[in-house]
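Observations on chain architecture
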Amino acid sequence: MADAIFTRDGDSYVPTRHAKSPWSPDGLHGGPTAGLLAYAIERFIDDREMQLSRLTVDLFRMVPAVPLRTKVEAVRSGRRVVGVDAAIIADGVEVVRASALLLRRSEAPVGGGVYPPPPGPEGYASQPGISRSPRVEPPPGTPLQRPHLLGFHTSVETRWVSAPGEQPPTTWVRIPMPFIEGEETTPMTRAAALADFGNALGNLAGAGRDLSYINADINLNLIREPVGEWLCVQIDHRDEAAGVGLVESIWYDQRGRYSRVSQSRLANGR
């Protein structure tokens, strides 16, 4: 098994165990799904002066852990503003769709405030996985079921800034392997792949409840490309009513804030 999130097979992308979901052994995590869509959009645009400003991924169904193809088409092709639609195809069926807005960078004067990052990642202990507590291994030979399924959520590396129960939940996270085998991971692919973790940290914000949450989308807004492998997620806001919720996270690199992510989500009884 390759030490990467995806391997290439012609024009298909083959997910490895590092791409899998915490919900099913047969599906992919939302993070690698969003990362693959961002990767495909970047290759389609092929203009380094166009900044990915917004990426919206609609997670209508779980993406199966099978070889995947991508499709990207322009819906608006301007000199300064470009809009595209992108999709992932599994066994000839479209399983997830995204829309993206790209804006051309310029030398216009920069306004607004400066938002420094939380402390770290240096000086904080590393642990595998996004979970607040290290994962407990089941007895040898036990069939893996939730909450012991392995995947993207257990393959990333984290360095927690916030202590257990401290608000807001804050952690540095990185993907300790290539996203596509044999290729350097681009900042936009990394940002999109990690953006889904706001939902996981949202469960730690506010009063604890005997519920789990699955998000139906990822809405990533960026003001610039992130720098470096370590990116930091901090929960900014969480609301819910009648089982329908919203969680918002702020994302930083070591230079400061670069992005905000919002996610619509549904509550599930454990």
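Quick look at the structure, then. Treat the numbers as computed from the prediction; the structure is a model and nothing was measured. (Residues numbered from 1 in each chain as written. Predicted model: local features only at pLDDT ≥ 70, side-chain atom pairs only at ≥ 80, totals over all residues. Heavy atoms only, no water.)

**Quick notes on the overall build of the chain**
Check the secondary structure of the chain and you find four helices and 14 strands. Taking the intrachain contacts of the chain between residues at least 6 apart in sequence as the baseline, contacts between residues at least 24 apart amount to 69%. By element, 52% of the accessible surface of the chain is carried by carbon and sulfur atoms, the whole surface being about 13,200 Å². (Helix = DSSP H or I, 4+ residues; strand = E, 2+ residues; numbered from the N terminus. Contact = heavy atoms within 4.5 Å. Areas by Shrake-Rupley, 256 points an atom, 1.4 Å probe, with all protein chains shown as cover.)

**Details of the side chain of threonine 189**
Counting through the fold element by element, threonine 189 comes out in helix α3 (residues 187–194). Within the local environment of threonine 189, its side chain forms a polar contact with the side chain of threonine 186, the two groups lying 2.9 Å apart. With residues near it in sequence (within four places) discarded, threonine 189 still touches Gly35, Ala38, Tyr39, Glu42 and Phe179. (Polar contact = N/O pair within 3.5 Å; in protein donor to acceptor, adjacent residues only side chain to side chain.)

**Quick look at the environment of asparagine 199**
Structurally, asparagine 199 is set in helix α4 (residues 197–202). Beyond its immediate sequence surroundings of up to four residues, asparagine 199 is in contact with Tyr213, Ile214, Asn215, Val247, Gln263 and Arg265.

**Considerations on the pattern of salt bridges**
Across all of its chains, the model carries 15 salt bridges by this definition. Measuring nitrogen to oxygen at the nearest pair gives 3.8 Å for the salt bridge that ties glutamate 42 to arginine 48. Judged by relative accessible area, which is 22%, glutamate 42 ranks as partly exposed. On the accessibility criterion, arginine 48 (52% relative accessible area) is exposed. If you follow the salt bridges from partner to partner, you end up with Glu42, Arg48, Arg105 and Glu225 in one network. (Salt bridge = Lys/Arg side-chain N within 4 Å of Asp/Glu carboxyl O. Buried < 20%, exposed > 50% of the residue type's maximum accessible area, 1.4 Å probe, protein only.)

**Looking at the packing of aromatic side chains**
Geometrically, a pair of aromatic rings is defined through the distance of the ring centres and the angle of the planes. According to the stated counting rule, one finds three aromatic pairs in the structure shown. On the basis of an interplanar angle of 5 degrees and a centroid distance of 5.5 Å, the ring pair of phenylalanine 152 and phenylalanine 197 is categorised as stacked. One end of the pair, phenylalanine 152, is in helix α2 (residues 152–155); the other, phenylalanine 197, is in helix α4, and 45 residues separate them in sequence. Relative accessible area serves as the criterion here: at 1%, phenylalanine 197 is assigned to the buried category. Residue placement shows arginine 257 over the ring face of tyrosine 115; its charged tip is 3.9 Å from the ring centre. For arginine 265, the ring lying beneath its charged end belongs to tyrosine 213, and the centroid distance is 3.9 Å. (Phe/Tyr/Trp six-rings, centres within 6.5 Å; stacked < 30°, edge-to-face > 60°. Lys NZ or Arg CZ within 6 Å of the ring centre and 35° of its normal.)

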